[in-house]
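Coordinate analysis (summary)
This is what each chain is made of:
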Amino acid sequence: MSLYAPQNQQAIDVRLRPATVADAPMLAAWDREPHVIACSSDDAEAEVAFGGEIDWTDELGSSAYELDYRIAEVEGRPVGVLAICDPHTEPSHYWGEIEPNLRAIDIWIGPKEWLNRGVGTVMMSRIIDECFAAPEVTGIVIDPLNSNVAAHRFYRRLGFVAEGRRMFEDDDCLVHRLTRTDWEKGA
Ligand SMILES: CC(C)(COP(=O)(O)OP(=O)(O)OC[C@H]1O[C@@H](n2cnc3c(N)ncnc32)[C@H](O)[C@@H]1OP(=O)(O)O)[C@@H](O)C(=O)NCCC(=O)NCCS
């Protein structure tokens, strides 16, 4: 695990498993959690995350999206989700023109009672190590909203560096990147 993880905290036993279509109702329910809505849009009136555009049954059932979804479980209870892709080849070209050999990651904790208990740090540390285990991967990018200062703090503690603001459609984001070089310094 990365040395960027907070010290002096009891290790939390987090299992990562692939998401399946059976997780779709749970993910749809998490999309209605205020903290998940808030991380996906600055629209204070939004009632569902990601503009309500994600049909989770479709998203998890079709390999066409090329996103690798993982569910984090603690003591058998699902508590969070990770989405990993190659932003250069991802078919929707969400990231636009971007170099090859990167990974893009998204993360959110579902049940609010699991926020700020160290789960996200374990999830990210583990997936970062997994991404860099592929020798061709040179960096990892993430796109928190510019307003999501708690997420910026979280990512910076993991070694990510802010690269600059960027609009993704209507979303004002502050792109962060963790380079392999920086990861190797901290690993
Ligand atoms: C961002 C997110 C994924 C982080 O996951 P998390 O499990 O809450 O993260 P952690 O608990 O590991 O770390 C968060 C904070 O809790 C603190 N913390 C961790 N374990 C703790 C513990 N046992 N006791 C007290 N505090 C703890 C960390 O030090 C950290 O402090 P900080 O606010 O100063 O950075 C989560 O907060 C989340 O889902 N937020 C909403 C969605 C979101 O913003 N996603 C990112 C979109 S880009």
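As the structure is a prediction and not an experimental result, all values here were calculated from the model.

**Structural notes on the site of the ligand**
If you check the shell around the ligand, you find 19 residues, and the closest are Ile-109, Gly-118, Gly-120, Thr-121 and Asn-148. Contact between the ligand and Gly-118: an oxygen atom at 2.7 Å from a main-chain N or O atom of the residue. Alone, the ligand offers 930 Å² of accessible surface; in the complex the protein occludes 75% of this. Elements with a contribution of two residues or more to the shell around the ligand: helix 2 (34-40), strand 4 (102-109), helix 4 (119-133) and helix 5 (149-157).

**Structural notes on the packing of aromatic side chains**
Throughout the structure, instances matching the rule amount to nine aromatic pairs. With 5.1 Å between their ring centres and 75 degrees between their planes, Trp-95 and Phe-168 make a pair best called edge-to-face. Within this pair, whereas Trp-95 is found in the loop between strand 3 (77-85) and strand 4, its partner Phe-168 is found in strand 6 (residues 161-168), the two being separated by 73 residues in sequence. Accessibility classification places Trp-95 together with Phe-168 in one group, the buried group. Note on Phe-132 and Trp-183: the rings are 4.8 Å apart at their centroids and 25 degrees apart in plane angle, and the pair reads as stacked. Taken together, the residues Phe-132 in helix 4 and Trp-183 in helix 6 (residues 180-186) connect sequence positions 51 residues apart. You can call Trp-183 buried: its relative accessible area is 13%. Through pairs of rings, three or more aromatic residues link up here, namely Phe-50, Trp-56, Tyr-69 and Trp-108. Geometry around Trp-114 places Arg-117 over its ring, the cationic atom sitting 3.9 Å from the centre.

**Focus: the side chain of Asp-31**
Position of Asp-31 among the secondary structure elements: in the loop between helix 1 (24-30) and helix 2. The side chain of Asp-31 is buried and forms no salt bridge, while Arg-32, the nearest opposite charge, is found at 7.7 Å. Once you skip the residues sitting within four places of it in the chain, Asp-31 turns out to touch Val-36, Ile-37, Val-48, Ala-49, Phe-50 and Trp-56.

**Description of the confidence of the model for the protein**
Detailed reading of the predicted coordinates is not advisable wherever pLDDT falls low. Within the protein, residue pLDDT values average 93, and 94% of them lie at 70 or more. Within the model, pLDDT remains below 50 along residues 1-5, and this stretch shows 15 contacts once partners closer than five positions in the same chain are excluded.

**What about the nonpolar core?**
Side chains of a nonpolar character, in soluble globular proteins, are inclined to be buried together. Ile-105, Met-124, Ile-128 and Phe-160 are the most contacted members of the largest nonpolar core, which totals 29 residues. Those elements giving two or more residues to this core turn out to be strand 2 (68-74), strand 3, strand 4, helix 4, strand 5 (139-142) and helix 5. Broken down by element, the residue count for this core peaks at eight residues, all from helix 4.

About the thresholds
- The residue count restarts for each chain, going from 1 along the sequence in the order it is written.
- In keeping with the model being predicted, local features are shown solely for residues with a pLDDT of at least 70 and side-chain atom pairs are shown and tallied solely at 80 or more, while totals for entire chains, interfaces and linings include all residues.
- As a rule here, side-chain values come from all non-hydrogen atoms in the structure, and water together with hydrogens is ignored.
- In these notes, residues near a molecule or strand are those with any non-hydrogen atom within 4 Å of it.
- Here a polar contact is recorded for every N or O atom pair within 3.5 Å, except that within protein the pair must consist of a potential hydrogen donor and a potential acceptor, and residues adjacent in sequence are included only if both atoms are side-chain atoms.
- The method behind every accessible area is Shrake-Rupley, applied with a 1.4 Å probe, and residues are considered shielded solely by the protein chains displayed.
- In DSSP terms, a helix is any run of H or I states spanning at least four residues, a strand is any run of E spanning at least two, and both are numbered starting from the N terminus.
- Here a pair means two rings of Phe, Tyr or Trp (six-membered ring of Trp) with centres within 6.5 Å. Their orientation is stacked below 30 degrees between planes, edge-to-face above 60, and tilted elsewhere.
- Partly exposed describes any residue whose relative accessible area lies between the buried limit of under 20% and the exposed limit of over 50%, with all areas from a 1.4 Å probe on protein chains only and scaled to the type maximum.
- In our convention, an over-ring charge means Lys NZ or Arg CZ found within 6 Å of a ring centre and within 35 degrees of that ring's normal.
- When charges are tallied, Lys and Arg are placed among the positive residues and Asp and Glu among the negative ones, while His and the ends of the chain are skipped.
- Salt bridges are identified by distance alone: a Lys or Arg side-chain nitrogen within 4 Å of an Asp or Glu carboxyl oxygen.
- Throughout, a residue-residue contact means that at least one pair of heavy atoms, one from each residue, lies within 4.5 Å.
- A residue's pLDDT is the predictor's confidence in that residue, given on a scale from 0 to 100.
- Residues belong to a common nonpolar core when they are buried Ala, Val, Leu, Ile, Met, Phe, Trp, Tyr or Cys residues joined through side-chain atoms within 4.5 Å.

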